[in-house]
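Structure assessment
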Amino acid sequence: MLDAALVLGALLLTLITPFALMAILPLIFGIPHVLGDLRHLIVRRGLLSRPGLLLLAGLPITGAYLGIGPLLTAPVMAGAVLGGRADWLRKLLLLLCIGLIGYGIYRLGTLGSLIFLQAHNLVALLLWSLWQSASHKRKVILITLITLASLVIFSGLADGLLGQSFASTVQGKVFGDIASWFFQDNLRFSERLAAFFCFAQMMHYLVWLKWFPQDDQDSDEPRHFMAFSRDLGAPLVQFSLMATLGLAIWGSVDTWEARALYLKLAAFHGYIEYAALALLATEGWQNITPKFNSKK
């Protein structure tokens, strides 16, 4: 099973060369996976026909470019709830929960930001696992494999291999420094958290570039590039491909600066996923048939 092999391959790469997953993969798959966000969470959900919802959930996202950071999570989720279709009692209960989340992020400070980064990878997995598709057995198998792989990372069974990957190269030393951001009082646990971030990031890309596309379209629809072009428009997809190529070329010269630019450009995309989770909690998956399938 190819998907299972991809999960195990991601675990192996995490243990051998975590720096490559953290620094290089975003330059190759970062922009395409953002397109996957837009395609499956907005366009194919028919949300372009709901400008009020897009405004309420989308306006706070602009704060990501003003340096506000993870504190935006609560306003974005609250906007999705307010724009969702549900009775006000349900909305009030959800808004209360979101308020507690926002307060927790505020109180935790830097730790709250790190939790935001870790959790946004897992939110994508949660959205996919809750998506109403016919692949329930496949989902159970993959989620089980991902859980087991995560336990391998956190259990300490791979600490020796992780330690070698941190110390053996210049990139490994850089990654070791980054690991210290996560939990300064316990470097070993911090390394595990950093390694888990790399693994979860790979799962995040698989969700938006392979697993969600497989589940979120009919068997007679075009696949991959053709499907993206049809859903999002050829000009946007072509521009994104050129931008990805440009990032990859720049990354071959200065990997870290190229990655930093990508992160600035894609600062909004994590909030889209949190907003989608809030909308799902509000009204469930609204399987609105996109206009190109109106004949069905």
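For the structure itself, consult the block above.
Description of the structure in this document.

Cut-offs and rules
- Residues numbered from 1 in each chain as written.
- Predicted model: local features only at pLDDT ≥ 70, side-chain atom pairs only at ≥ 80, totals over all residues.
- Heavy atoms only, no water.
- Helix = DSSP H or I, 4+ residues; strand = E, 2+ residues; numbered from the N terminus.
- Buried < 20%, exposed > 50% of the residue type's maximum accessible area, 1.4 Å probe, protein only.
- Contact = heavy atoms within 4.5 Å.
- Phe/Tyr/Trp six-rings, centres within 6.5 Å; stacked < 30°, edge-to-face > 60°.
- Lys NZ or Arg CZ within 6 Å of the ring centre and 35° of its normal.
- Axes fitted to C-alpha atoms, helices over the stretch in contact; angles between N-to-C directions.
- Parallel < 35°, antiparallel > 145°, perpendicular 65-115°, else oblique.
- Left-handed = near helix turned anticlockwise from the far one by under 90°.
- Nonpolar A, V, L, I, M, F, W, Y, C, P; charged D, E, K, R; others polar.

1. Digging into the overall build of the protein
Along the backbone of the protein there are 14 helices and zero strands. In sequence order, the secondary structure elements of the protein are arranged as α-α-α-α-α-α-α-α-α-α-α-α-α-α. Across the 296 residues in the protein, those meeting the buried criterion constitute 49%. In the protein, once contacts between residues fewer than 6 apart in sequence are set aside, the share between residues at least 24 apart is 77%.

2. A short note on the packing of aromatic side chains
The geometry of an aromatic ring pair is captured by two quantities: the separation of the ring centres and the angle between the planes. Here the structure, examined in full by the defined rule, presents five aromatic pairs. A centroid spacing of 5.9 Å and a plane angle of 35° characterise the contact between Trp-131 and Phe-212, whose relative ring orientation is tilted. Note that Trp-131 is positioned in the loop between helix H6 (110-130) and helix H7 (136-155) and Phe-212 in helix H10 (residues 187-215), a separation of 81 residues in sequence. Relative accessible area serves as the criterion here: at 0%, Phe-212 is assigned to the buried category. Through a chain of ring-to-ring contacts, three or more aromatic side chains come together here, namely Trp-131, Trp-208 and Phe-212. In this structure, Lys-91 packs its charged tip against the face of Trp-88, placed 4.7 Å from the ring centre.

3. Re the environment of Gly-9
Tracing the sequence through the fold places Gly-9 in helix H1 (residues 2-16). Relative accessible area serves as the criterion here: at 26%, Gly-9 is assigned to the partly exposed category.

4. What to know about the packing of helix H4 (residues 73-83) against helix H14 (residues 269-283)
Interaxial distance between H4 and H14 falls to 8 Å at its minimum, and their mutual angle equals 40°. By the angle class used here, H4 and H14 are oblique. Pair H4 / H14 crosses with right-handed handedness. Listed contacts from H14 to Thr-73, Val-76, Met-77, Ala-80 and Val-81 of H4 are Tyr-271, Tyr-274, Ala-275, Ala-278, Leu-279 and Thr-282. Taken together, the residues that form the contact of H4 with H14 break down as nine nonpolar, two polar and no charged.

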